[in-house]
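Close look at the chain arrangement
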Amino acid sequence: MRPLRYSINVTLDGCCDHRAIPADEDLHRHHIGNLNQADALLLGRVTYEMMEAAWRPSAQTGARPDWTEPFARTIDAAKKYVVSSTLERVDWNAELVRGDLGQAVQQLKREPGKGLFVGGVKLPLALTELGLIDEYEFVVQPRLAGRGPALFAGLSKHVDLKLVSRLEFGSGAVAMRYEPRR
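In this text, all values refer to a predicted model and were calculated from it rather than measured experimentally.

1. As for helix α3 (residues 69-77)
Buried within α3 we find Phe71, Ala72, Thr74 and Ile75. Take α3 and look down its axis: the buried residues cluster within an arc of 165 degrees, on one side only. Of the exposed residues in α3, those oriented more than 90 degrees away from the buried face are Arg73 and Ala77. Buried residues in α3 make contact with α1 (25-36), β2 (40-44), α2 (45-55) and β3 (79-83).

Structural data, given as structure tokens:
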């Protein structure tokens, strides 16, 4: 069964708004490694549209620093599954996921391969409620944002996690990977 991995950048005070997170070359390189551990990305509508606007080749040509290009190529090439009840269609190497979320994700996990990777805020909350995430990575940034969306707001139950690794970046950010205690 393919594992479902989740990774998100978060400030020390729990903000996960991408506009509050400083991005650098080391962070992008790290996330390329994450993406390379997966056969496909699982995205909600908001995250899909945000990533498409930022990373689709025609979207920002020449407007990004050169060091972001390897990440741009990696995410552009990735297979994407988009969970949405409002989008009529998707492209950018993507297909829509509709119907029962739990059943659809369990079916994707049963397919052969290296794994699935999920990002965003709302979709990971729903997947956590269903017990479908196999690994969580929180890249904690040395910044206080004072505002913005928080992770797992409204989670109905505690989820106990076991630390499996940590990685410190030159910027002071720390990536901590956890697995659920089952």
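2. Points about the pattern of salt bridges
By the definition in use, this model includes 14 salt bridges. The shortest N-O distance in the salt bridge between Glu135 and Arg177 comes to 3.0 Å. Of this pair, Glu135 sits in strand β6 (residues 135-141) while Arg177 sits in strand β8 (residues 174-180), placing them 42 residues apart in sequence. You can call Arg177 partly exposed: its relative accessible area is 29%. The salt bridge partner of Glu179 is Lys162, with a shortest N-O separation of 3.9 Å. Of this pair, Glu179 sits in strand β8 while Lys162 sits in strand β7 (residues 161-168); the two residues are 17 residues apart in sequence, bridging distant segments of the chain. Overall, Glu179 belongs to the partly exposed group, its relative accessible area being 30%.

3. Observations concerning the packing of aromatic side chains
Enumeration according to the criterion identifies 8 aromatic pairs in this entry. Both rings, one in Tyr6 and one in Phe152, keep their centres 6.0 Å apart while their planes meet at 80 degrees; by these two values the pair is edge-to-face. Here Phe152 lies in the loop between β6 and β7 and Tyr6 lies in strand β1 (residues 4-11), a separation of 146 residues in the sequence. Pair check on accessibility: Tyr6 and Phe152 agree, each one buried. Between Phe138 and Phe152, the aromatic rings sit 6.4 Å apart at their centres with planes inclined by 80 degrees, giving edge-to-face as the arrangement.

4. Re the environment of Ala20
Here Ala20 shows up in the loop between β1 and α1. Between the C-alpha atoms of Ala20 and Gln106, which are 86 residues apart in sequence, the distance is 33 Å. Non-local contacts of Ala20, meaning those with residues more than four positions away in its chain, are made with Thr11, Cys15, Arg143 and Ala145.

5. Re the sheet that holds β3
In a beta sheet, neighbouring strands pair by backbone hydrogen bonds and run either parallel or antiparallel. The sheet built from 8 strands is open, its strands ordered β4-β3-β2-β5-β1-β6-β8-β7 with mixed pairing. Two strands bound the open sheet, and with one partner strand each, they are β4 (94-97) and β7. Ignoring which end each strand starts from, the neighbouring axes of this sheet average 25 degrees apart. As defined by bridge partners, β3 adjoins β4 across 4 bridges and the pair is classed as parallel. Directly across from Val83, in β4, lies its bridge partner Val97.

6. Topic: unusual backbone geometry
The backbone phi angle of Trp92 is positive, close to 60 degrees, even though this residue is not glycine. Position of Trp92 relative to the elements: it lies in the loop between β3 and β4. On the accessibility criterion, Trp92 (5% relative accessible area) is buried. In this model, Phe152 sits at a positive phi of 60 degrees, which is unusual for a non-glycine residue.

7. Quick notes on the layout of surface pockets
When its volume is computed, the largest pocket comes out at roughly 1,300 Å³. The wall of the largest pocket is formed by 43 residues, among which His18, Thr47, Met50, Met51 and Gly120 lie closest to the centre. Counting residues per element, the ones that place at least two in the lining of the largest pocket are β1, α1, β2, α2, α3, β5 (116-118) and α5 (122-129). When residues of the lining of the largest pocket are assigned to their parent elements, the largest contribution, 7 residues, is made by α2. For the lining of the largest pocket, the per-class residue count stands at 25 nonpolar, 13 polar and 5 charged.

About the criteria used
Residues numbered from 1 in each chain as written. Predicted model: local features only at pLDDT ≥ 70, side-chain atom pairs only at ≥ 80, totals over all residues. Heavy atoms only, no water. Buried < 20%, exposed > 50% of the residue type's maximum accessible area, 1.4 Å probe, protein only. Helix = DSSP H or I, 4+ residues; strand = E, 2+ residues; numbered from the N terminus. Arc of directions from axis to C-beta. Contact = heavy atoms within 4.5 Å. Salt bridge = Lys/Arg side-chain N within 4 Å of Asp/Glu carboxyl O. Phe/Tyr/Trp six-rings, centres within 6.5 Å; stacked < 30°, edge-to-face > 60°. Pairing = 2+ DSSP bridges. Axes fitted to C-alpha atoms, helices over the stretch in contact; angles between N-to-C directions. 1 Å grid on protein atoms, 1.4 Å probe; cavity = no way out; pocket = protein on both sides within 12 Å on 5 of 7 lines; lining within 4 Å. Points joined across faces, edges and corners; volume = space filled by probe spheres on them. Nonpolar A, V, L, I, M, F, W, Y, C, P; charged D, E, K, R; others polar.

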